[in-house]
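# Analysis of the macromolecular model
Residues per chain are reported as follows:
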Amino acid sequence: MVDSTADSVKQIAVERVSHVYRPPRGREVLALEEVSLEIGVREFVALLGPSGCGKSTLLYLIGGFLPIEKGAIRIEGAPVAGPGPDRGIVFQHFALFPWRTVKANVRYGLEKLGLARAEQERRAQHFIEMVGLKGFEESYPSQLSGGMKQRAALARTLAVDPKMLLMDEPFGALDAQTRSLMQSELYAIWERTPKTVIFVTHDVQEAVRLAQRVVVMSARPGKIKASVKVELDRNDPHIYRSPAFAEKVDEIWSLVRDEAIKAQ
Amino acid sequence: MKYLPLLLLAIVWELVVQLGLISRDLLPSLSDVAKAGWTLLREGDFWTNGAASLYRGGMGLLLAIAVGAVLGIAMAWWREVDASVGPLVEALYPMPKSALIPVTVLWLGFGDGSKILLIFLGCMLPVTLGVYNGARSCEQALVWSARSLGASRLRVLWDVVLPSALPELANGIRTALALTFVLLVSSELIVARAGLGYLIGFLGEGGVYDAMFAVVLVVAFLGFFADRLYQRLMHRVLAWRD
């Protein structure tokens, strides 16, 4: 019997990956040890753990930004060989090109795709409006607030229509109100155009709020400690006050707490 | 209004000479300097010598910017280049470039070539180091973003690393611009048959001090004007910075 539900189709397979971090000065650190993880097509997964648990390192390895030294990572069966537009990335500090306007930033990936100029314009405008930045097309990043910068970065990444979205603590640099707003909008975007999302965070509430599955990582060396399914009604505007939400947060927090203490 | 002190200085200059507080042999009056300058202008000495200097300075500086920028980027991007050229750049950077004047004359003679080579050699390293430091400070996340948006590694060099280095490159070029004037005038003073530096030396030796002062003032003004113009331009080019 072939199971054909979207969730069961593997998109990303991490197999026994270890990674050593070598700082320019100082001792080598084993950042990841024998990490294995499978992520399904259009699945929204949160990677949760204390700082220094290697969750960002794991994300960068999947993104193809760091060399895989031990183990293997496969995307739809093929080993990762460098970055590619199938895996879009969003960073905590936005990483917008400061010398390009919002519009030109969003257009960047479309230029690389070799689209006609008119089509670039049309698509860039579409995504700028989707993230609510209409009117700021010609602004430079330095003229935008943190939340607006992250909206622009999100539009730039979504514009090339990646199958997978790698998010590295994307809302970690935003104030609480903006963060909450961005969470809702990200979820709405994901519901409309489902993509595989790996969302790195150290915020338990944020992980439970967004992800279908929360993967908890342990502190140095980084290992997978638990994988917890989360089934909640995300469109409930009062989700934060629902007992089911609180219960999940408690359950996952108890898993994270020991690691957070160890990491100090 | 900002330049009021300059105006005051000019008045004081004229007064001390007219009142006989300073001998005219040491300092001609400003009005005499202006008159002599006007004559140089009318008789064309300014233009021919100015054109020679402009050509040498412009060529030398442009070469220094082009080669210096490429070298700095290459050093920042390829470890091998950094390892082989880096120590050389560091060792040569503090060397007084005017010491090269006899060497460039020995190689290329009294004409334009030796001046251009001198300015090129003297101005290249500030540009190289500016680009190098700027490119090295380029954010990793920017490079990764560009790569994940479909840019090749080499393309990232042009699209991300170079623009990231632009502010530091601009500072390097400003230093190089000032150095151009120093090297140009000093090399022309020592060995040349044309140029504003040559004109200063020629008039000084002939005892035509009012005209000599006129050329000195013009060179000073040109240096100031070039710097202001450059800063205006950079303000435009780097408008994206906060």
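## A few points about the nonpolar core
Ranked by internal contacts, the top residues of the largest apolar core, which has 128 residues, are Leu47, Leu48 and Ile198 of chain A. In terms of residue count, helix 6 (residues 112–136) of chain B provides more of this core than any other element does, 13 residues in total. Residue-level mapping places this core at the junction of two domains, with at least three residues from each of domain 1 (1–86 + 163–173 + 180–264) and domain 2 (93–161) of chain A.

## Things to note about the pairing of strand 4 (residues 70–75) of chain A
Residue and element names in this part refer to chain A. Bridge count between strand 1 (residues 10–21) and strand 4: 5 bridges; the pairing is antiparallel. When the sheet's bridge partners are listed, Val14 is paired in strand 4 with Ile73. The pairing of strand 4 with strand 5 (residues 78–79) spans 2 bridges and is classified as antiparallel. Residue pairing across strands places Arg74 opposite Pro79, the latter belonging to strand 5. The hairpin formed by strand 4 and strand 5 contains 2 residues between the paired strands, and Glu76 there has a positive phi angle of roughly 50°.

## A few points about the domain arrangement of chain A
Residues and elements named next belong to chain A. Partitioning chain A into structural domains gives domain 1 (1–86 + 163–173 + 180–264) and domain 2 (93–161). With centres defined by C-alpha atoms, the gap from domain 1 to domain 2 works out at 25 Å. Every contact between the two is made by 6 residues of domain 1 and, on the other side, 7 residues of domain 2.

## A word on the interface of chain B and chain A
Facing the 15 residues of chain B at the interface are 21 residues of chain A. Secondary structure elements with two or more residues in the side of chain B that touches chain A: helix 7 (140–148) and helix 8 (153–190) of chain B. The element that contributes the greatest number of residues to the side of chain B that touches chain A is helix 7 of chain B, accounting for 6 residues. Taken together, the residues of the side of chain B that touches chain A sort by class into 8 nonpolar, 3 polar and 4 charged.

Conventions adopted
Each chain has its residues counted from 1, running along the sequence as written. All chains are assigned letters beginning at A, and all ligands numbers beginning at 1, according to the order in which they are written. Given that this is a predicted model, residues contribute local features only at a pLDDT of at least 70 and side-chain atom pairs are listed and counted only at 80 or more, while totals for whole chains, interfaces and linings are drawn from all residues. Only buried residues count toward a nonpolar core: Ala, Val, Leu, Ile, Met, Phe, Trp, Tyr and Cys, linked into one set through C-beta atoms within 7 Å. Counting other C-beta atoms within 10 Å of its own, a residue is labelled buried from 20 upward, exposed at 12 or fewer, and partly exposed in the gap between, with every C-beta atom placed from the backbone. Each helix is a run of H or I in the DSSP string that is no shorter than four residues. Each strand is a run of E no shorter than two, and both are numbered from the N terminus. Those domain boundaries reflect an automatic or database domain assignment. Strand pairing is defined by DSSP finding a minimum of two bridges between the two strands. Here the contact rule is simple: place C-beta atoms from the backbone, and any two residues whose C-beta atoms are within 7 Å are in contact. Gly counts as polar in this scheme, as do all residues outside two lists: the nonpolar Ala, Val, Leu, Ile, Met, Phe, Trp, Tyr, Cys and Pro, and the charged Asp, Glu, Lys and Arg.

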